Amino acid sequence: MSGESGGEDLESGVRARMPSGIEPRFANRRRGGDSLRPLLPALALIVLTFAAHLPALDGWWTTDDPQILLQAIRNSPAETLVSPAAWRSLSTASFTPLVTLSFELDLALFGLRPLFFHQHQIVSIAVVALLLHVLLQPICRPVEAWLIAAAVAVGPPMALVSESLMIRHYVEGMALALGALVLWRSGDPRRTRPLRDSGAALLYLLAMLAKEVFAPLALLFLADAAIRRAPLRVLALRIVPATLAAAVWLAWRTAMLGSAGGYAAGEVALGSGMVRELAESLWASSPAWALAGACLLMLLGWAVGLLRAPREALLLGAAALVVALLPLAAVAGLPEARYAVVPGMIALVLAGLGFSRLRGREAVAATAALLIVHAVAGWALHRSLDRSGAEMTAEGRYVWELPSGAPPLLAGSPGWYLGGLAELRRIAGGGEAPAFFLSRDALVVGAVEPEEVVRMEGEEPVPARLDPAALVYLLDERRRRDDSIPLRIAVERRDHVVRWNLGPEPGELRWLTLPEYDEYEVAPEGSRRVPAAEGAQGFRVRRVLPDGRWTVSPPLELPLEGEVSWTSPGDDGPSRG
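Given the structure is predicted, the values throughout are model-derived calculations rather than measurements.

**Observations regarding the sheet that holds strand β6 (residues 497-503)**
So, step 1. Pairing within the open sheet is antiparallel, and its 4 strands lie in the order β9-β6-β5-β13. With one partner strand each, in any of the chains shown, β9 (525-529) and β13 (562-567) form the two edges of the open sheet. Here the strands of the sheet are splayed against their neighbours by 10° on average, with no regard to which way each runs.
So, step 2. Where β6 lies against β9, 5 bridges are found, and the strand directions are antiparallel. The residue of β9 that forms the bridge with Val-498 is Arg-528.

**Some points on the side chain of Ser-91**
So, step 1. Position of Ser-91 among the secondary structure elements: in the loop between α6 (84-88) and α7 (97-110).
So, step 2. Within the structure, Ser-91 has its side chain in polar contact with the backbone nitrogen of Ala-93 (distance 3.0 Å).

**Looking at the environment of Ala-56**
So, step 1. Looking at the secondary structure, you find Ala-56 in the loop between α3 (39-52) and α4 (65-74).
So, step 2. A sequence separation of 59 residues divides Ala-56 from Leu-115, and the C-alpha atoms of the two residues are 8.8 Å apart.
So, step 3. When neighbours within four sequence positions are excluded, Ala-56 is seen to be in contact with His-118, Ser-162, Glu-163 and His-382.

**Side note on helix α10 (residues 156-163)**
Think of an α-helix as turning once every 3.6 residues; residues three or four places apart then point the same way.
So, step 1. Counting buried positions along α10 yields 8 of 8 residues, so the element is predominantly enclosed.
So, step 2. Along α10, the residues that are buried comprise Pro-156, Pro-157, Met-158, Ala-159, Leu-160, Val-161, Ser-162 and Glu-163.

**Notes on the confidence of the model for the chain**
So, step 1. Mean pLDDT for the chain: 88, with 89% of residues reaching 70 or above.
So, step 2. Across residues 1-30 the pLDDT falls below 50, and counting only partners more than four positions away or on other chains, this stretch makes 11 contacts in the model.
So, step 3. Overall, residues 573-577 carries pLDDT values under 50, and its contacts beyond four positions in sequence, including any with other chains, amount to 10 contacts.

**Regarding the pairing of strand β3 (residues 454-457)**
So, step 1. A one-sided burial pattern is seen for β3, the buried positions being Val-454 and Met-456 and the unburied ones Arg-455 and Glu-457.
So, step 2. Where β3 meets strand β4 (residues 462-465), 4 bridges bridge the pair, whose relative direction is antiparallel. Residue Arg-455 lies in a different strand from β4, and its bridge partner there is Ala-464.
So, step 3. Hairpin connection from β3 to β4: 4 residues lie between these consecutive antiparallel strands, with Gly-458 at a positive phi of about 95°.

**Digging into the pattern of salt bridges**
So, step 1. Enumeration over the complete set of coordinates arrives at 27 salt bridges.
So, step 2. Notably, a salt bridge pairs Glu-212 with Arg-253, separated by 2.4 Å at the nearest N-O pair. A residue pair is termed long-range when its members are at least 10 positions apart, and Glu-212 in the loop between α12 (194-210) and α13 (218-227) and Arg-253 in helix α15 (residues 240-257) qualify at 41 residues. Taken individually, Glu-212 and Arg-253 each receive the classification buried, so the pair is uniform in this respect.
So, step 3. Measuring nitrogen to oxygen at the nearest pair gives 3.4 Å for the salt bridge that ties Arg-480 to Asp-476.
So, step 4. Via salt bridges that share partners, Asp-441, Asp-476, Glu-477, Arg-479, Arg-480, Glu-508, Arg-510, Glu-519 and Arg-542 belong to a single interconnected network.

**A look at the packing of helix α9 (residues 142-154) against helix α19 (residues 341-355)**
To describe two helices that pack against each other, one gives the angle between their axes and the distance between the axes.
So, step 1. Packing of α9 against α19 brings their axes to within 10 Å, and their N-to-C directions diverge by 160°. When the axis of α9 is compared with that of α19, the two are roughly antiparallel. Where α9 crosses over α19, the handedness of that crossing is right-handed. Counted together, Ile-148, Ala-151 and Val-152 of α9 and Met-345, Leu-348, Val-349, Gly-352 and Leu-353 of α19 form the full contact between these two elements.
So, step 2. Split into classes, the residues belonging to the contact of α9 with α19 amount to 7 nonpolar, 1 polar and no charged.

Rules used in this analysis
- Residues numbered from 1 in each chain as written.
- Predicted model: local features only at pLDDT ≥ 70, side-chain atom pairs only at ≥ 80, totals over all residues.
- Heavy atoms only, no water.
- Pairing = 2+ DSSP bridges.
- Helix = DSSP H or I, 4+ residues; strand = E, 2+ residues; numbered from the N terminus.
- Axes fitted to C-alpha atoms, helices over the stretch in contact; angles between N-to-C directions.
- Polar contact = N/O pair within 3.5 Å; in protein donor to acceptor, adjacent residues only side chain to side chain.
- Contact = heavy atoms within 4.5 Å.
- Buried < 20%, exposed > 50% of the residue type's maximum accessible area, 1.4 Å probe, protein only.
- pLDDT = per-residue confidence, 0-100.
- Salt bridge = Lys/Arg side-chain N within 4 Å of Asp/Glu carboxyl O.
- Parallel < 35°, antiparallel > 145°, perpendicular 65-115°, else oblique.
- Left-handed = near helix turned anticlockwise from the far one by under 90°.
- Nonpolar A, V, L, I, M, F, W, Y, C, P; charged D, E, K, R; others polar.

Here's what the structure looks like:
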């Protein structure tokens, strides 16, 4: 008998004589490798997340990134958290200090190197996937829990987050919210657990400080308690810490913003049109079959959930619907893609939970199909964002890298972005940036000559002079100037709100910021909440009549607090033009 077979006989004999449920110690030693098996799904999620978002590692600063970096450089963490004046230099509409603190951490560790910022972003997405996997394991079978978490990790919402550093707070807030739900669901729902519920409330508070869209998260606490039939007396005690967290956040936010905040000027109707536009913003670049398959699978998943577990599906679905859609009331109905990140994840998870009610193979097949269509759509969005962001990145690098004497740039990127890069360049010791203009109005009114400017053109944008047709158009526009046209301007800024009264009517009125000549078409009367200014700001107003003639005011200064007015020599009073 060989040593190997003898060892097997010995183990069999010992096992036969052991009491039921007790394993011999040498069996544990022999199966030591099995202890790694629970880690394999987590490792697979991490690897899949990084593989899915590799294109994002080529990213650079875009959109609001420079302004968040500037705030992180100018303010200490304490000022970001508790100084209203310091915070309002970034926003008077929302209070999301954790994104600034997150940028500040990356700056301290890596400096102004966007590669590491994007790596941080992908790590955050992986953390979301891992926490979602943990949250779903008690609800679904292990395979479906993994497939749903993987679909969230690679789908269009996370593809967008990985490419755009400025919306990091969506994914980091999501990680905190999932952590809060994991703590809330742990243990027996029929008993109070002060330590765990306080921990969930703390994570809930941090999620709201990351991004305000997570304020309705407490509704999911209540829905879970109702689904698990927690006694009302126990629920009343358990929800107290979360209620206190919400009260602290609301008071903190109001003190920092000095108002209710938000971007909406009035009531906002959340109709199906806005929801459709938000969905299209993430899925428009996907192949038709992936979009159709995703829509069909979502509807089927929700339907299966309602049929197989109606009570749970209704309670969870109602709470999730409010959590997903209520924050959209604060964004004035703007169909920007980032507003679809949280609703998109919630919709996917609800569909996956519905499919988990099917039998084993059917449930695995359905959730695997969700993963496939979301992976395809996520990759397609990466490709689309790479193309659409090429011009902005090229313009940003022009401002960041070229000497101040380079030709002025006629840009299509936001002034908030290019101006932030120019300021960052000065702070980093790179000197003055080249001049840039943000609309053709700068050329029309004579702020710069058309022959001097360059634009970014081509598939891989490179600087190029304006073509002859554009020059002819601009010269024709200049000939239409008529300074006998009346124009009146009355503008005031009080407590971060700019109000204006312009006229006379009819005519199109354009607000031009200085010195970059960013253009905004404005109504004759209106108001707008703006971030706190670092200094006085300049502007001009251009009035264009229906027959094409136009006039423009001289450069005017908008004070930090106060009023400014100007009347053209041709204006004869309040009559309409």
